[in-house]
Amino acid sequence: MQKLLLLGDEAIAQGAIDAGISGVYAYPGTPSTEITEYIQASKDAKENNIRSSWSANEKTAMESAIGMSYAGKKSLVCMKHVGLNVAADAFINSAITGANGGLVVLSADDPSMHSSQNEQDSRFYGKFSLIPVMEPSNQQEAYDMTRYAFELSEKFGTPVLIRVTTRLAHSRAGVERKEMLAQNEIKLPSDLKQFILLPSIARKQYDILLGKQDDFENDAETSGFNTLFDGTDKSLGIIACGLAYNYLAENYQDKELLYPVLKVGQYPIPVNMVNSLYESVDEILVLEDGYPLIEELLRGLLNKGKKVRGRMDGSIPASGELNPNKVAAALKLEVETGHTIPDIVQGRPPKLCDGCSHTDSFTALNEAMLDYSAGRVFSDIGCYTLSALAPLESINSCVDMGASITMAIGAADAGLIPSVAAIGDSTFTHSGITGLLDAVNTKSPITVIILDNSTTGMTGGQDSSAFGKVEEICKGVGVEEDRIRVIKPLRRHHEENLKVIREELEYNGVSVIIAKRECIQTLGRRMKEKARQKREVKTVK
Amino acid sequence: MKKDIILAGVGGQGILTIATVIGTAALLEGLQLKQAEVHGMSQRGGDVQSNLRISSGDISSDLIPEGKADLIISVEPMESLRYINMLDKNNGWLVTSMNPFVNIPNYPPVEDVLKAIWEVPRNVTIDAEKVAKEQGSIKAANIVALGAASPYLGIKYESLEHAIKKIFASKGEDIINLNLKALSAGKNYAVKKT
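The numbers attached to residues start from 1 for each chain and follow its sequence in the written order. To label them, take the chains in the order written and letter them from A, then take the ligands in the order written and number them from 1. A pLDDT threshold of at least 70 governs which residues receive local features in this predicted model, and a stricter bar of 80 or more applies before side-chain atom pairs are shown or counted, although totals over entire chains, interfaces and linings include all residues. Neither water nor hydrogens contribute to the side-chain values; these are computed over all heavy atoms in the structure.

The next point concerns the domain arrangement of chain A. All names here are of chain A. The source of the domain bounds is an automatic or database domain assignment. Splitting chain A by domain gives domain 1 (3-222), domain 2 (227-330) and domain 3 (357-523). Taking the mean C-alpha position of each, domain 1 and domain 3 sit 34 Å from one another. Contacts are assigned to residue pairs with any non-hydrogen atoms lying within 4.5 Å of each other. Contact residues are listed per partner, giving 13 residues for domain 1 and 14 residues for domain 3. By convention, the term buried area covers the 1.4 Å-probe accessible surface removed from two parts as they join, with the contributions of both added. When domain 1 packs against domain 3, the two sides together hide about 910 Å² of surface, and 53% of this comes from carbon and sulfur. It is Tyr-27, Trp-54 and Gln-117 in domain 1 that bury the most area against domain 3; as a group they hold 46% of the surface buried on that side. A side-chain nitrogen of Lys or Arg and a carboxyl oxygen of Asp or Glu constitute a salt bridge if their distance falls within 4 Å. At the junction of domain 1 and domain 3, the tally comes to zero salt bridges.

See below:
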């Protein structure tokens, strides 16, 4: 069949479409965003009515996907690794309910933290929740494993987690498509109590999940996604998980690899295969593009068995994504070096775009905050986090989605008055509304600045779930109407905006300032599209 | 045939377009490819790079090993040096635009940057903006840089032309011709200079 040039993310999306999903649920997050975007733009998805609009956050996405699975249809839910923390309650309990229609959860990890706050490894979530995990090593496997994950999910009635990392998510290669499978018809679970996790039922369901563990492991031994390659040099055995296998192979382009190798792409860990390898070699090197999951288990608390090398003994640096050079060093191969980078090369950190509304909002806020001691502005995650960097240096925190408002509450409770929260419209609908409700209920003396640019900017301008309703939401949550102020962040409005911010900082209660101006990027795109349509109309005439 | 290429620049300068042209041309020649891109946070005016690997055989890693790149193509001079450790010391070519993109306060004196580039054996520097302007639009500076790198790509020049026609097909004849002229001007400059 047809070969397509796809990003790892796109291969997953195409794999899900071809597996016969009826819906994808997601909140944008680098490096997972392109999966849902691909489905949104796909002709096949449109023709087959695959639902694909953005969810308010990862938890709502996960729950909607469970709902679709309950109704018997196949659903995909996508998020970045830290999004899985947001969805964790629903995710872990979905292992207990089990799946009816195929339920596949995609978590995209970001080792080296290219665009994230941490480099947590989602495979641990799979182990924690006791469900199978797939970890592709290349774009073709990303496609094949996504299809297989749905098969596995329906075969064993369990959600399946797919774990990728940034490098595969955002790297392109040729992918061979297979035939497109049909969507499921509506079919409720045969046991209508399966999804009611009351303790008495949950205990039963948990036993069922525990009872499936042997099946999961047997499948990992036989599916073909874990492979043991024998070798003649038994002084070392190598376990290479996911992408790490490519870096291993890269180092043996021009020479033969004589060590036995276990290529791992499916979990639970295939214990029999690991044992065969372990028994046949003198020592083991574990290559994992993330935390040392297999390495730690193999090594054990007391580390008294055969020598196990990897991230924990320093053979590979403990943090950061793998690359061919790190793997070469761990294999004690000669590591090639290039020219030295001259000292004149300066860092070029990302920054807010020219003409960005956030710059005008923070310029006014910075001036207003001069009236108070430093260190009072709490923020979170979005383009506006870049205001932490020079020249603005406006914010003092970025912990997780929505933490701006709630951290401001806690700091105000501790006596830091006024405390300020700076949050974007998409982040506000993701996880800010409940925090604002807390503030209203306790009459917390905080000023919340909602930077409303009508989009999810940092990930490339996806729809924000606010859809222009920020003011109404704040009213609905119970913020006093005269304490909801709307400003237009433009340089020429600086003085009046400054006055509004100063007034609300002085107010001893919850204030919300909505700084409302469209993202300069989405505006530009909209104008271009308009011009294009105009041209087309002209040509038709 | 195997070429490992680093593409470098600043977010918004069009390095992904260069990658798409080379990638499309490589596919037209029946070659395999892997191309690692940068998305997300670093796009906002920060440094961006892409690892592009082309081969007649299988390609393992999405990342090029250090010291193994055959070619660096950069649309910004300081950015060309950021990845100089990736270049093969004995055979690699460095092709870069000479036009600095200054969006940081501590950008070094451009003479110093160029001096460091000229110290790299096998380098081509080109005033891509000037050349692009002469062809009709400064926007084609990225394709000028690609043209200057075309003699070292291991891909037929006609395949690059074919790729440009394909990629810009929806944008109309004028844009296609502009980019074809930019490609040609970049190539002629490099051939004359080396």
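From this point, things continue past the structure.
This part takes up the pattern of salt bridges. All names here are of chain A. A full pass over the atoms with the stated rule returns 37 salt bridges over all chains. Between Asp-44 and Arg-177 there is a salt bridge, with its nearest N and O atoms 3.1 Å apart. A residue pair is termed long-range when its members are at least 10 positions apart, and Asp-44 in helix α3 (residues 43-47) and Arg-177 in the loop between β7 (171-176) and α10 (199-211) qualify at 133 residues. Measuring nitrogen to oxygen at the nearest pair gives 3.1 Å for the salt bridge that ties Glu-288 to Arg-123. With Glu-288 in the loop between β12 (283-287) and α14 (293-299) and Arg-123 in helix α7 (residues 123-129), the pair connects residues that are 165 residues apart, well separated along the chain. Each member of the pair, Glu-288 together with Arg-123, is buried. We count a stretch as a helix when DSSP gives it H or I for four or more residues in a row; a strand needs E for two or more, and each element gets its number in order from the N terminus. Burial status follows relative accessibility: with a 1.4 Å probe on protein chains alone, a residue under 20% of its type maximum counts as buried, one over 50% as exposed, and anything between as partly exposed.

Residues and elements named next belong to chain A. Position of Met-79 among the secondary structure elements: in strand β3 (residues 75-80). When its relative accessible area of 0% is taken as the criterion, Met-79 is described as buried. A C-alpha to C-alpha distance of 9.3 Å links Met-79 and Ile-35, two positions 44 residues apart in sequence.

The next subject is the packing of helix α18 (residues 425-441) of chain A against helix α19 (residues 470-477) of chain A. Residue and element names in this part refer to chain A. Only the contacting stretch of a helix is used when fitting its axis, a line to C-alpha atoms as for every element, and angles between N-to-C directions run 0 to 180 degrees. α19 packs onto α18 with a crossing angle of 20° between their chain directions and a minimal axis gap of 10 Å. Judged by the inter-axis angle, α18 sits roughly parallel to α19. Crossing of α18 over α19 shows right-handed handedness. Counting all contacts with α18, which are made through Asp-425, Phe-428, Thr-429, Ile-433, Leu-436, Leu-437 and Val-440, the residues of α19 involved are Val-470, Ile-473, Cys-474 and Val-477. Oblique is the label for every angle not falling under 35 degrees (roughly parallel), over 145 degrees (roughly antiparallel), or within 65 to 115 degrees (roughly perpendicular). Take the far helix as your reference; a near helix turned counterclockwise from it by less than a right angle gives a left-handed crossing, and one turned clockwise gives a right-handed crossing.

So, on to the pairing of strand β1 (residues 2-10) of chain B. All names here are of chain B. With seven of nine residues buried, β1 lies mostly within the body of the structure. As paired strands, β1 and strand β3 (residues 47-55) are joined by nine bridges and run antiparallel to one another. Considered in β3, the bridge of Gly-9 is made with Val-48. For two strands to be treated as a pair, DSSP must find no fewer than two bridges joining them. Pairing geometry for β1 and strand β4 (residues 71-74), over four bridges, is parallel. Across the sheet, the residue bridging to Ala-8 is Ser-74, located in β4.

Another aspect to go through is a negative patch on the surface. On the surface, Glu-471, Glu-480, Glu-481 and Asp-482 of chain A cluster together into a negatively charged patch. Checked against the element boundaries, Glu-480 of chain A lands in the loop between α19 and β18 (484-487). Residues enter a patch when their relative accessible area is above 30% and they make no salt bridge; the linking distance is 9 Å between like charges and 5 Å between nonpolar side chains (Val, Leu, Ile, Met, Phe, Trp, Tyr). Accessible surface is estimated by sampling points in the Shrake-Rupley manner with a 1.4 Å probe; for residues, cover comes only from the protein chains shown. The positive count covers Lys and Arg only, the negative count covers Asp and Glu only, and His and the chain ends enter neither. Charge placement uses NZ in Lys and CZ in Arg. For Asp and Glu, CG and CD serve respectively.

Next up on the list: the interface of chain A and chain B. Taken together, the 46 residues of chain A in the interface contact 46 residues of chain B. Each partner contributes to the roughly 4,000 Å² buried at the junction of chain A and chain B, and carbon and sulfur atoms together form 56% of this total. Considering only the side of chain A, the residues that lose the most area to chain B are His-339, Ile-344 and Arg-348 of chain A, jointly responsible for 22% of the buried surface there. Scanning the region where chain A abuts chain B turns up four salt bridges. Here a polar contact is recorded for every N or O atom pair within 3.5 Å, except that within protein the pair must consist of a potential hydrogen donor and a potential acceptor, and residues adjacent in sequence are included only if both atoms are side-chain atoms. Our count for the chain A to chain B interface comes out at 19 residue pairs in polar contact (both at pLDDT 80 or more). For the side of chain A that touches chain B, the secondary structure elements donating two or more residues are β1 (3-7), β7, α12 (244-250) and α15 (324-330) of chain A. Class assignment for the residues of the side of chain A that touches chain B results in 18 nonpolar, 20 polar and eight charged. Ten residue types, Ala, Val, Leu, Ile, Met, Phe, Trp, Tyr, Cys and Pro, are classed as nonpolar, four, Asp, Glu, Lys and Arg, as charged, and the remainder, Gly among them, as polar.

What follows is about helix α16 (residues 357-369) of chain A. Working rule for helices: expected span equals 1.5 Å times residues minus one. For α16 of chain A, which comprises 13 residues, the first-to-last C-alpha distance of 18 Å matches the rise-based estimate of 18 Å (1.5 Å per residue) to within 8%. Among all positions of α16 of chain A, only Ser-357, His-358, Asp-360, Ser-361, Phe-362, Ala-364, Leu-365, Ala-368 and Met-369 of chain A are buried.

Turning to the sheet that holds strand β5 (residues 133-134) of chain A, a few remarks are in order. Residues and elements named next belong to chain A. If you walk across this open sheet you meet the six strands as β2-β3-β4-β6-β5-β11, and the pairing is mixed. Among the strands making up the open sheet, the edge pair consists of β2 (23-26) and β11 (266-267). Taken together, the four bridges between β2 and β3 define a ladder with parallel strand orientation. Bridge pairing in β3 links Gly-23 to Ser-75. In the packing of helix α2 (residues 33-41) onto the sheet, the strands contacted are β2, β3 and β4 (103-109), and the crossing angle to β3 comes to about 140°.

Residue and element names in this part refer to chain A. Among the seven residues that make up strand β17 (residues 446-452), seven are buried, leaving the element largely enclosed by the rest of the structure. In β17, alternate side chains face the same way, and those of Ile-446, Val-448, Ile-450 and Asp-452 on one face and Thr-447, Ile-449 and Leu-451 on the other are all buried. Examined bridge by bridge, strand β16 (residues 419-424) and β17 share six bridges and lie parallel to one another. Directly across from Ala-422, in β17, lies its bridge partner Ile-449. With the strands pointing away from the viewer, any crossover whose connection runs clockwise from the first strand over the helix to the second is right-handed. On the question of chirality, the crossover connecting β16 to the parallel β17 by way of α18 is right-handed. In this structure, β17 lies alongside strand β19 (residues 511-516), joined through six bridges in parallel fashion.

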